[in-house]
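Single-letter residue listing:
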Amino acid sequence: MSDTSYVGAIVESYHEVLAEFPEAFVMGEDVRLALMGTTHDLVDEYGEDRVVDVPISEQGFHGLAVGAAMDGKRPIVEHQINTMSYLAMDQLANNAQRLRHMTDGQVSIPITITIPSAGAPGSASAQHSDYTYPVLMHLGVKVVVPTTPTDVKGLLHSAVAEDDPVVVYWPAKLQSTREEVPEETPEIPLGEADVKREGDDVTVVAVGETVRMARSVADDLDGVSVEVVDPRTLLPLDEQTIFESVEKTGRAVVVDGGYRTCGAAAEIASRISNEAFWSLDAPVKRVTRADVPISYSPPEEEYTLPDEETISRAISDVVP
Amino acid sequence: MEKQLVSQIGDRDEDLLVEMYRQMKQIREFEIAAGELVRAGEIPGPIHPYIGQEAIAVGTCTALDDEDIIGSTHRGHGHVLAKGADLDGMMAELTAREAGLNRGRGGSMHMVDFSLGIFGCNAIVGASVPHVAGGMLSGRIDGDDRVGVSFFGEGAINQGVVHETMNMAAIWDLPVIFVCENNKYAVSTDVEYAAAGDSLASRGEAYGIESRTITGQNVLTVHETISEAVDDARAGEGPQFVECETYRYKGHFSGEEAILSDRSYRSDEEIRDWKENRDPIETFGEALVESGRVDAETLREIDDEIDEEVSSAVDLATESDLPSGDRAPENAYADQEYPAFPAPKYR
């Protein structure tokens, strides 16, 4: 075991996957300099052909990644800002995601896209504060959100090994967190949720940085035993672990830092209501960001985003 | 053009000359047969006929090696046929049959064959352009000497992704040949109206890319120009841009005539002028005979062979099985072992 930060785990993971997969290479804006702190020393070790700085042309370089994938490579495209995936949407939606089906399996597009995502990183304002995954989930793109350094190491490896496009989100608010990580990279397949805290009275399904909030709320609550389930992969979703937890507790709160309407929490809540309805003793509640753009103003940002107080209120609303 | 063609024919390899004629004729007949299948109600989706532009696909693909790659457009039948795609599979793809190139999944606008370096037709204007450059980026990592041809229409010249790709290809010296087929109209929008600046080739020049404009109706001119561009790109001199002036005889897509029957965006005289004076197949066939290198009888035999091969493809495309609908979830993902994935339509 070694004490590792979330960002440190990303750096180690990039080095490991480039070593393991000769067909993998990293491309992104300012990756050689490691602007986001995630690609340190990669270019020194793997050279400029495998660590490619790209011009600011999101649609274009995502298209190049698709073409390189068609040619047998495993491109890893690193975004510097969470909202940039919107600029690349044609290549993500119409191309990367659909080519396998459209060609009846003649081609694999094993691209990994990493996004330093944000409920909000702190007054980055509306155009830099977003979780873009509901859009991608809607389109059928595989989505992963690791919440601990150990999850980072296991899940990045699985994402790169996957023969489909996978988008991995690094929640900005978790990037300074630390934990003891096993020396050997753990195997964490996609589609496997993790019960981050066991409990009996209510299931809180939490995504990204809200996992940490939910755990903290659970630790502070007296007299209510809270189970925290971290899906880790939003598509495919490990429904079974979530349903089993809800069957045990009879109550569910779903928490996510993304927008409310058509969001990840909406999908999870809907599945619980549909498949675990007869186990429920109360309606499923959702805590999400409000459906407004994130403001530059700190008090407005705070007002808009999910917080521990709201999670606590949702729990008290479903637990008598 | 015919006189010029005769002198260009000179002492060129006869097999290549015959092959060029054969391929252009094959594309033409494929398109005519596809049009008939549309009218017969055998093709469920739209098709975008390439009739009139055959010299570009053939002049270009005959300048490539087998392992070189191409990316194509929604008007892609000619490109994939010229790169060697299976004619039966293409026709069956149009009729959405199991025997189709994509087993009926892609239709007219999405035919692919990666084993032949065909990175795909693409229904989003300009979207396949970066794919070819990505293939070349991959080739650079591997240190190979393939080149890639990206076909796109003059409508795509205004797409940002095409410019982003030209810039990246230029800064990295990627061996991409940008082949812009200027058939004048993006559906009904005239290039004179839609594209600012003096010429389309100047768009390539802006990125420091060697750029030229040629006639797209002379297969030998296309072949010569693309061959030079390929040699330069392969020698490490970076991307190349070739604008080919051409014309599509038919409407933008198979449904156009029904929609626009009472309002047209081009004159009959203009269409007639291109057909009668600049047809790439007629003029080349006549020049071959006039040059004395290939006799008329040989060309007739080729025509007959193509008629047979196309009519047999039509039979296969109309008589073979449609896939069953419940096959739809297959190949949505590489690994579909995850529970409830992909999600069904009812649960």
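Shown above is the structure to which this text applies.
Residues numbered from 1 in each chain as written. Chains lettered and ligands numbered in written order. Predicted model: local features only at pLDDT ≥ 70, side-chain atom pairs only at ≥ 80, totals over all residues. Heavy atoms only, no water.

Colleague: What is the right way to read the overall build of chain B from this model?
Modeller: Along chain B, the regular secondary structure elements total 14 helices and seven strands. Taking 2.2 N^0.38 as the reference for a compact globule, 347 residues should give roughly 20 Å; the C-alpha atoms of chain B span a radius of gyration of 20 Å, in line with that estimate. Overall, the C-alpha framework of chain B stretches about 70 × 50 × 45 Å when taken along its three principal axes. Summing over all exposed atoms, chain B offers an accessible surface of approximately 14100 Å²; the carbon and sulfur share of this is 45%. Charged side chains of chain B number 29 positive and 67 negative; the gap between the two group centres comes to 6 Å. (Helix = DSSP H or I, 4+ residues; strand = E, 2+ residues; numbered from the N terminus. Rg over C-alpha atoms; globule rule 2.2 N^0.38 Å. Areas by Shrake-Rupley, 256 points an atom, 1.4 Å probe, with all protein chains shown as cover. Lys, Arg positive; Asp, Glu negative; His and termini not counted. Charge placed at Lys NZ, Arg CZ, Asp CG, Glu CD.)

Colleague: Looking at this structure, I do not really get the overall build of chain A. What am I missing?
Modeller: Assigned secondary structure in chain A consists of 12 helices and 14 strands. In terms of C-alpha radius of gyration, chain A reaches 19 Å, essentially the compact-globule figure of 20 Å for 320 residues. Along the first, second and third principal axes, the C-alpha atoms of chain A reach 60 × 40 × 40 Å. Residue burial in chain A is summarised as follows: out of 320 residues, 63% are buried. As presented, chain A carries roughly 11700 Å² of accessible surface, and 48% of it is formed by carbon and sulfur atoms. (Buried < 20%, exposed > 50% of the residue type's maximum accessible area, 1.4 Å probe, protein only.)

Colleague: Help me understand the interface of chain B and chain A, please; the structure alone is not making it clear to me.
Modeller: Many analyses report the size of an interface as the accessible area lost when the parts associate. With 45 residues of chain B at the interface, the matching set in chain A holds 46 residues. Of the roughly 3700 Å² buried at the junction of chain B and chain A (both faces included), carbon and sulfur atoms supply 59%. In this assembly, chain B and chain A are joined by eight salt bridges. For the salt bridge of aspartate 71 of chain A with arginine 146 of chain B, the shortest nitrogen-to-oxygen distance reads 2.7 Å. At the surface where chain B touches chain A, the tally comes to 24 residue pairs in polar contact (both at pLDDT 80 or more). It is helix H6 (residues 129-142) of chain B that provides the largest number of residues to the side of chain B that touches chain A, a total of 11 residues. Residue composition of the side of chain B that touches chain A, grouped by class: 22 nonpolar, 12 polar and 11 charged. (Contact = heavy atoms within 4.5 Å. Buried area = accessible area lost by both parts, 1.4 Å probe. Salt bridge = Lys/Arg side-chain N within 4 Å of Asp/Glu carboxyl O. Polar contact = N/O pair within 3.5 Å; in protein donor to acceptor, adjacent residues only side chain to side chain. Nonpolar A, V, L, I, M, F, W, Y, C, P; charged D, E, K, R; others polar.)

Colleague: Whenever I open this one, the environment of valine 253 of chain A confuses me. Can you help?
Modeller: Residue and element names in this part refer to chain A. Mapping valine 253 onto the fold places it in strand E13 (residues 252-255). For valine 253, a relative accessible area of 0% translates into the label buried. The spatial distance from the C-alpha of valine 253 to the C-alpha of threonine 203 is 6.3 Å, given a sequence separation of 50 residues. When residues no more than four places from it in sequence are discounted, the contact partners of valine 253 are Val202, Thr203, Val204, Val205, Lys285, Val287, Ala314, Ile315 and Val318.

Colleague: Just to check I follow, could you spell out the pairing of E13 of chain A for this structure?
Modeller: On any regular strand, side chains alternate: one points to one face of the sheet, the next to the other face. Residues and elements named next belong to chain A. On E13, burial covers both faces: Ala252 and Val254 on one face and Val253 and Val255 on the other are all buried. Relative to E13, strand E10 (residues 202-206) is paired through four bridges, and the arrangement is parallel. Paired with threonine 203 across the two strands is alanine 252, which belongs to E13. Once you follow E13 into helix H10 (residues 264-275) and on to strand E14 (residues 285-287), the crossover reads as right-handed. (Pairing = 2+ DSSP bridges. Right-handed = clockwise from strand over helix to strand, strands pointing away.)

Colleague: Even after reading the chapter, I still don't get helix H9 (residues 239-249) of chain A, so can you show me in this structure?
Modeller: All names here are of chain A. When we look at burial in H9, the residues that qualify are Glu239, Ile242, Phe243, Ser245, Val246 and Thr249. Seen end-on, H9 carries its buried residues on one side only, within an arc spanning 160°. Each element contacted by the buried residues of H9 is listed here: E10, strand E11 (226-230), E13 and H10. With its phi angle positive at about 80°, glycine 250 sits one or two positions after the end of H9. (Arc of directions from axis to C-beta.)

Colleague: For this particular structure, what's the right way to read helix H10 (residues 219-234) of chain B?
Modeller: Given 3.6 residues to a turn, an α-helix orients residues that are three or four positions apart in the same direction. All names here are of chain B. The first and last C-alpha atoms of H10 sit 22 Å apart over 16 residues, in line with the 22 Å expected at 1.5 Å per residue. By the burial criterion, the buried members of H10 are Val219, Leu220, Thr221, Val222, His223, Thr225, Ile226, Ser227, Ala229, Val230 and Ala233. At the N-terminal boundary of H10, the capping side chain belongs to asparagine 218, with an oxygen 2.9 Å from the backbone nitrogen of leucine 220. Once H10 ends, the next one or two residues include glycine 236, with phi positive near 90°. (Expected span 1.5 Å × (residues − 1).)

Colleague: Explain the sheet that holds E14 of chain A to me, please; I cannot follow it from the model alone.
Modeller: Two modes of strand pairing occur in sheets, parallel and antiparallel, and in both the strands are linked by backbone hydrogen bonds. All names here are of chain A. The sheet built from five strands is open, its strands ordered E9-E11-E10-E13-E14 with mixed pairing. Each end of this open sheet is capped by a strand with a single partner; those strands are strand E9 (194-197) and E14. Adjacent strand axes in the sheet meet at a mean angle of 25° when their direction is disregarded. Pairing analysis gives three bridges linking E9 to E11, with the strands arranged antiparallel. When the sheet's bridge partners are listed, arginine 197 is paired in E11 with valine 228. (Axes fitted to C-alpha atoms, helices over the stretch in contact; angles between N-to-C directions.)

Colleague: Please explain the pattern of salt bridges as it appears in this structure.
Modeller: Opposite charge on two side chains permits them to pair, given that their charged atoms come into close proximity. Overall, the coordinates contain 39 salt bridges over all chains when judged by the stated rule. The shortest N-O distance in the salt bridge between aspartate 104 of chain A and arginine 105 of chain B comes to 3.1 Å. Placement of aspartate 104 of chain A in the loop between helix H5 (99-102) and strand E5 (112-117) and of arginine 105 of chain B in the loop between helix H5 (87-94) and H6 is noted, with the two residues assigned to different chains. By relative accessible area, aspartate 104 of chain A is classed as buried at 8%. Since its relative accessible area comes to 17%, arginine 105 of chain B is described here as buried. Via salt bridges that share partners, Asp104 of chain A together with Glu98, Arg103, Arg105 and Arg327 of chain B belong to a single interconnected network.

Colleague: Which parts of the structure should I look at to understand the pairing of E10 of chain A?
Modeller: Residues and elements named next belong to chain A. When you tally the buried positions in E10, you get five out of five residues, the bulk of the element. By the alternation rule, side chains of E10 split into Val202, Val204 and Ala206 and Thr203 and Val205, which are all buried. Where the polypeptide runs from E10 across helix H8 (residues 210-220) and back to E11, its parallel neighbour, the crossover connection is right-handed.

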